[in-house]
Amino acid sequence: MQRFLSFISGTVCGALVGATVALLLAPSSGQELRQRARRQLELVQDDVRDAYSARRAQLEAELESLRHPKADGAAD
């Protein structure tokens, strides 16, 4: 478990360093980078909201089917 946590922390640190270097060496201005990052974040947020809504609807339908199972053709 310790090796896995070390790997994850190293990956996160490497990603942060890489992102920082990419921002510093990017040919765009700071304002353009912030706008682009903001748009990307909004797109990701929209995707997460959509996935959440779809999964919630699926789970609610499953719950409803468990609460009210359909009769197998048996008479009351």
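Residues numbered from 1 in each chain as written. Predicted model: local features only at pLDDT ≥ 70, side-chain atom pairs only at ≥ 80, totals over all residues. Heavy atoms only, no water.

The helix and strand tally for the chain stands at two helices and zero strands. Computed over the C-alpha atoms, the radius of gyration of the chain is 23 Å, more than 25% above the 11 Å expected from 2.2 N^0.38 for a compact globule of 76 residues. Along the three orthogonal principal directions, the C-alpha set of the chain runs to about 75 × 40 × 10 Å. By residue count, 3% of the 76 residues in the chain fall in the buried class. Total accessible area computed for the chain in this model is approximately 7,200 Å², and 61% of it derives from carbon and sulfur atoms. A gap of 12 Å separates the mean positions of the 10 positive and 10 negative side-chain charges of the chain. (Helix = DSSP H or I, 4+ residues; strand = E, 2+ residues; numbered from the N terminus. Rg over C-alpha atoms; globule rule 2.2 N^0.38 Å. Buried < 20%, exposed > 50% of the residue type's maximum accessible area, 1.4 Å probe, protein only. Areas by Shrake-Rupley, 256 points an atom, 1.4 Å probe, with all protein chains shown as cover. Lys, Arg positive; Asp, Glu negative; His and termini not counted. Charge placed at Lys NZ, Arg CZ, Asp CG, Glu CD.)

For the rest of this paragraph, the subject is the pattern of salt bridges. For the structure shown, the criterion picks out two salt bridges. Its salt-bridge partner being R49, residue D46 comes within 3.3 Å of it at the nearest N-O pair. Of this pair, D46 and R49 both sit in helix α2 (residues 30–67), separated by three residues, roughly a single helical turn. Given a relative accessible area of 37%, D46 falls into the partly exposed group. Here E60 makes a salt bridge to R56, at a shortest N to O gap of 2.9 Å. (Salt bridge = Lys/Arg side-chain N within 4 Å of Asp/Glu carboxyl O.)

Time to look at the environment of T20. Position of T20 relative to the elements: it lies in helix α1 (residues 2–25). The class of T20 is partly exposed, set by a relative accessible area of 43%. The spatial distance from the C-alpha of T20 to the C-alpha of R56 is 36 Å, given a sequence separation of 36 residues. Engagement of the side chain of T20 in a polar contact is seen with the backbone oxygen of L16, the distance being 2.8 Å. (Polar contact = N/O pair within 3.5 Å; in protein donor to acceptor, adjacent residues only side chain to side chain.)

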